[in-house]
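A closer look at the structure
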Amino acid sequence: KWGILTSCSGIIPLLFLTANESLAQQINSIIDFSVMAFLFVYLMCCLAFLKLLIQKKLQCSLIQWTFGLVASGFCLWIMYETPVKILAIASLFVLSGLPLYLFWYIRTKQQPLLDRTNTEF
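Because the structure is a prediction, the values reported are computed rather than measured. Per-chain numbering applies: the sequence of each chain, read as written, is numbered from 1 onward. The predicted nature of this model means local features are confined to residues of pLDDT at least 70 and side-chain atom pairs, given and counted, to a pLDDT of 80 or more, with totals for whole chains, interfaces and linings taken over all residues. To obtain the side-chain values, all non-hydrogen atoms of the structure were included, while hydrogens and water were left out.

Section: the packing of helix H2 (residues 23-56) against helix H3 (residues 62-81)
Angles here are taken between N-to-C directions and fall from 0 to 180 degrees, while the axes themselves are lines fitted to C-alpha atoms, restricted in helices to the stretch in contact. Numbering of helices and strands runs from the N terminus; a helix is a DSSP stretch of H or I covering at least four residues, while a strand is a stretch of E covering at least two. Following both chains from N to C, one finds H2 and H3 inclined at 150°, their axes separated by 9 Å at the closest point. When the axis of H2 is compared with that of H3, the two are roughly antiparallel. For the pair H2 and H3, the crossing hand works out as left-handed. The segment H2 lies against H3, with Met-36, Leu-39, Phe-40, Tyr-42, Leu-43, Cys-46, Leu-47, Phe-49, Leu-50, Leu-53 and Ile-54 engaging Gln-64, Trp-65, Gly-68, Leu-69, Ala-71, Ser-72, Cys-75, Leu-76, Ile-78 and Met-79. Among the residues making up the contact of H2 with H3, the classes are represented as 18 nonpolar, three polar and no charged. When an angle is under 35 degrees it counts as roughly parallel; over 145 it counts as roughly antiparallel; between 65 and 115 it counts as roughly perpendicular; any other value is oblique. Should the near helix be turned counterclockwise from the far one by less than a right angle, the crossing is left-handed, whereas a clockwise turn marks it as right-handed. Note on contacts: a residue pair is in contact if any heavy atoms of the two residues lie within 4.5 Å. Polar here means any residue outside two lists: the nonpolar Ala, Val, Leu, Ile, Met, Phe, Trp, Tyr, Cys and Pro, and the charged Asp, Glu, Lys and Arg; Gly therefore counts as polar.

And the structure:
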């Protein structure tokens, strides 16, 4: 039930932000925002992968570096070609998860070490 409530509370402002005369244009805008929001997350995963490769240094192959760099470059290229309005709104979706993460992080730091394995979030 919390997932549905969270999804609805996120989509309602998005509907107002993308208000158009045409329903098809509004749906296309929502799709653009959701794809860009996912692309931000995907870029962070690519950068984390590259960071792991840097830490391992000699244990990684050229193909791993190639995949990481090509994936990061693709994300950056798509973001460069995207209008600023879509980037700004999509980044708000990604940043909206930050308070939830901070809440979870503070909550797990306050629990004793043995209770952390049973965390329900």
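Observations concerning the environment of Phe-16
Along the chain, Phe-16 falls in helix H1 (residues 2-17). Buried residues are those whose accessible area, probed at 1.4 Å on protein chains only, stays under 20% of the maximum for their type, while exposed residues exceed 50% and partly exposed ones sit between those limits. Judged by relative accessible area, Phe-16 falls into the exposed class, the value being 70%. Separated by 10 residues in the primary sequence, Phe-16 and Gln-26 have C-alpha atoms spaced 9.7 Å apart.

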